[in-house]
Amino acid sequence: MSQTDLEIVVDDPTAPEENSPSVTSSGTIEIIVCLLLLALAAILGYDNWRTGASWDSTGPEPGYFPFYLSVILAGGSLYGLIVALVARRGAAETFVTRAQARRVMAVFVPTLLFCVVTQFLGLYVASFLLIAGFMRLVGKIALWKSLLTAFLFTAIMFVTFDVAFDVIMPKGPLEAAFGY
Amino acid sequence: MEAFGLLLHGFAVLLTWKTLVLMMVGLVLGIFVGVLPGLGGPNGVAILLPLTFTMDPTSAIVMLSCIYWGALFGGAITSILFNIPGEAWSVATTFDGYPMAQQGRAAEALTAAFTSSFIGSLVAVLLITFLAPMISSFALKFGPPEFFAVYLLTFCSFVGLGREAKHKTVISMSLGLLLAGVGMDTVSGQLRMTFGSAELLRGINFLVAVIGLFGISEILLTMEERLALRGHAASISLRVVLSVWKDLPKYWVTLLRSSFIGCWLGITPGGAIAASFMGYNLAKRFAKEPESFGKGRIEGVFAPETAAHASGTSALLPMLALGIPGSGTAAILLGGLMVWGLNPGPLLFVEHKDFVWGLIASMYLGNVVGLVLVLTTVPIFASILRVPFAAVAPMIIVSCAIGAYAIQNAMFDIWLMLGFGVVGYVFKKIGIPLAPFTLALVLGNRAEDAFRLSMIGSGGDLKVFWSNGLVGSITTLAILLLFWPVIDGLLGRVGWTRRAKSAR
């Protein structure tokens, strides 16, 4: 058997620490989600009722099917809200700890910024900045490795999508300067 | 015999250099996304879908389905070597696969996993080959009420048979159906739920939602968890492969039983997760030494892998024959078909024979090539996990954004993807299932059209769903499945009462 005894160990320097305090409980989030869904059901239900949720001479009006779906969504959310409120009296399960929230934000905020930058500078520049910045700042990876990886990945994406497969991505002033 | 002839025609369509190269590319990409933490079959297929937009439909579906097979194979690598189930259906594989790796039998476990994946898929593909044409010719007799009844059956079985809290499945499904209706009404042309937004005129593309719900949310969840991996390196020699294959006949009952369970749960929307656990539990129940399971028994790898892959593959049967996907990935492939202007369902077998049989032939060939590929390249793919996640995560995010943008060339879709990513993260954490949401988003418009056409035909009389034996049986079955937990509880109570009386 050529199975080796060698072990692959991949340690992440930014892994969350143990025993981090809870930010919020799952019960609280369930209540918030149910309230938001209830509000969404009300808004969509109203819009569909306004569009027409009954019958005319040609059959069901455009809002008929979605109106009743809004009612079902409202019913499900209301039931979920009651269940969550009742269950809240029991043991509160942690939704996210402070360390976990920090980590989630460490990826969410750059993704949000990436979307903003894509809008103004195009996808490839935003992609380069996201990869290089994330590797350097979050992963604490050497600057030259971060820059090289970001450049290579962005270049491969550009060649694959824009050149080889004709899938045109949003571009900004940099690409325009090169005639794209 | 007709199916056999058509299958040969499918191989003729398939066996061109271009398609074979695309097949290899698809398999490699698939294994890659299967191994990477934070990605998997559905995400990989959804993200890489834009690559296929400029291809002809046959080449495109061959590449996408090969990404799917590759991802299925790749998932086993992380489960066995790193004890990380890339997908929920790989959880049962870790029970015995990881202990085998710890005992220095990683190569044996990996060979068992890949081989059983292959066997499970092969049984399911055989089933598709011979059953799909029959079902589709039967489905040609379907009218709008029958189609709506089948959609209803799919939705109700998710609610009734799902493991999650029922109200959460209802929330997920109704939300998906509602969002599917955003934009221009396909019948009257009137705008619905757009609130004056020009961006929402196009509607919410389900692929954008899927990329956000699965891709972005997985990155958020993976970042949240501890990422320090500890696993075993492995390479597979021909001697180990042959020794595992030599012992295969000993396990024929396990393999056959798991294949049957997988095919059954794949065609009905039970899913690969239920199939893998059921396969594992039944193998344990019928074993001579059930207590040895969980300690590195090879049957504990054979059973869940065979069942999961039979299920994952046979989920394509209702998609091809009826236009109703049996799994999340099948739903994404169905979305792909629609992007290329093909209408999944019974007519596909009549109008696009080359496409359907090319796809079925690619399932055979893709699995054979995939098996050889994974057996020979395990060390390379396992070493992908050495790449820091801080490098992988932003690359996945960029790939997700490219995928979301390319579908409709809309910047708004990138924002939508991010929004769905947050929704997916929250929903996963509070136990709202995402599979019913995806299916509802895909099937929403079709279900609504079938419902409206049925109601127009009957003048608004709901009795149309019981107007003949076929539609009546499907609708009744759908309602029975919806209330299955209540019925099951009542049956259990009656049984308990009887037992109690007889005990007295």
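Cut-off values and rules
- Residues numbered from 1 in each chain as written.
- Chains lettered and ligands numbered in written order.
- Predicted model: local features only at pLDDT ≥ 70, side-chain atom pairs only at ≥ 80, totals over all residues.
- Heavy atoms only, no water.
- Helix = DSSP H or I, 4+ residues; strand = E, 2+ residues; numbered from the N terminus.
- Buried < 20%, exposed > 50% of the residue type's maximum accessible area, 1.4 Å probe, protein only.
- Contact = heavy atoms within 4.5 Å.
- Areas by Shrake-Rupley, 256 points an atom, 1.4 Å probe, with all protein chains shown as cover.
- Lys, Arg positive; Asp, Glu negative; His and termini not counted.
- Charge placed at Lys NZ, Arg CZ, Asp CG, Glu CD.
- Phe/Tyr/Trp six-rings, centres within 6.5 Å; stacked < 30°, edge-to-face > 60°.
- Lys NZ or Arg CZ within 6 Å of the ring centre and 35° of its normal.
- Core = buried A, V, L, I, M, F, W, Y, C linked by side-chain atoms within 4.5 Å.
- Salt bridge = Lys/Arg side-chain N within 4 Å of Asp/Glu carboxyl O.
- Polar contact = N/O pair within 3.5 Å; in protein donor to acceptor, adjacent residues only side chain to side chain.
- Nonpolar A, V, L, I, M, F, W, Y, C, P; charged D, E, K, R; others polar.
- Axes fitted to C-alpha atoms, helices over the stretch in contact; angles between N-to-C directions.
- Parallel < 35°, antiparallel > 145°, perpendicular 65-115°, else oblique.
- Left-handed = near helix turned anticlockwise from the far one by under 90°.
- pLDDT = per-residue confidence, 0-100.
- Expected span 1.5 Å × (residues − 1).

## What to know about the overall build of chain B
Secondary structure assignment for chain B yields 22 helices and 3 strands. By residue count, 62% of the 504 residues in chain B fall in the buried class. Taking the intrachain contacts of chain B between residues at least 6 apart in sequence as the baseline, contacts between residues at least 24 apart amount to 78%. Accessible surface for chain B amounts to roughly 18200 Å². Of this, 68% is attributable to carbon and sulfur atoms. Positive and negative side-chain charges of chain B, numbering 31 and 24 respectively, have mean locations separated by a distance of 10 Å.

## Details of the packing of aromatic side chains
Taken as a whole and assessed by the stated rule, the structure comprises 20 aromatic pairs over all chains. Consider the rings of Tyr64 of chain A and Phe451 of chain B, whose centres lie 6.2 Å apart with planes at 15°: the pair is stacked. Remark: Phe451 of chain B occurs in helix H20 (residues 435-458) and Tyr64 of chain A occurs in helix H2 (residues 64-87); the pair is interchain, linking two chains. Considered together, Tyr64 of chain A and Phe451 of chain B belong to a single accessibility category, that of buried residues. Overall, Phe451 of chain B belongs to the buried group, its relative accessible area being 9%. Over the face of the ring belonging to Phe95 of chain A we find Lys429 of chain B, whose NZ or CZ atom lies 5.0 Å from the ring centre.

## Digging into the nonpolar core
One finds Phe114 and Leu123 of chain A together with Phe114, Leu320, Ile360 and Met417 of chain B to be the most contacted residues of the largest nonpolar core, which totals 199 residues. Look past the residues within four positions of Ile360 of chain B in its chain and what remains in contact with it is Leu7, Val125, Ile128, Thr129 and Leu320 of chain B. Within the second largest apolar cluster, 6 residues are counted, among which are Ala92, Tyr280, Ala283 and Phe293 of chain B.

## Remarks on the interface of chain A and chain B
Each side of the interface is counted separately: chain A has 78 residues, and chain B has 81 residues. Counting the contacts that link chain A with chain B gives 1 salt bridge. Taking the shortest distance from any N to any O, the salt bridge between Glu30 of chain A and Lys168 of chain B comes out at 3.4 Å. Linking chain A with chain B are 6 residue pairs in polar contact (both at pLDDT 80 or more), by the criterion used here. Broken down by secondary-structure element, the contributors of at least two residues to the side of chain A that touches chain B are strand S1 (7-10), helix H1 (26-52), strand S4 (59-60), H2, strand S5 (94-97), helix H3 (98-121), helix H4 (123-138) and helix H5 (143-164) of chain A. Of the residues belonging to the side of chain A that touches chain B, the class tally is 48 nonpolar, 20 polar and 10 charged.

## Digging into the side chain of Ser127 of chain A
Mapping Ser127 of chain A onto the fold places it in helix H4. Discounting residues that sit within four places of it in the chain, Ser127 of chain A has contacts with Phe114, Phe153 and Thr154 of chain A together with Val398 of chain B.

## Concerning the packing of helix H18 (residues 389-408) of chain B against helix H19 (residues 411-429) of chain B
Residue and element names in this part refer to chain B. One way to put it is that H18 packs onto H19 with a least axis distance of 8 Å and a crossing angle of 135°. Taken together, the axes of H18 and H19 are oblique relative to one another. In the packing of H18 onto H19, the handedness of the crossing is right-handed. Of H19, the residues touching H18 (which contributes Cys400, Ala401, Ala404, Tyr405 and Gln408) are Met411, Asp413, Ile414 and Met417. Within the contact of H18 with H19, the residues separate by chemical class into 7 nonpolar, 1 polar and 1 charged.

## Description of the confidence of the model for chain A
All names here are of chain A. Mean pLDDT over chain A works out to 85, with 88% of the residues at or above the 70 mark. Mean pLDDT in chain A bottoms out at S1, which sits at 54, and peaks at H4, which reaches 94. Under a pLDDT of 50 for its full length, residues 1-6 has, in the predicted model, 19 contacts with residues more than four places off or in other chains.

## Re unusual backbone geometry
Phi is positive for Lys140 of chain A, close to 55°, though the residue is something other than glycine. Examined against the element boundaries, Lys140 of chain A turns out to sit in the loop between H4 and H5.

## Considering helix H21 (residues 469-482) of chain B
Residues and elements named next belong to chain B. With 14 residues, H21 extends 20 Å between its outermost C-alpha atoms, agreeing within 8% with the 20 Å of an ideal straight helix rising 1.5 Å per residue. The set of residues buried in H21 consists of Val471, Gly472, Ile474, Thr475, Ala478 and Leu481. Two or three places before Leu470, at the opening of H21, Asn468 has a side-chain oxygen 3.0 Å from that residue's backbone nitrogen.

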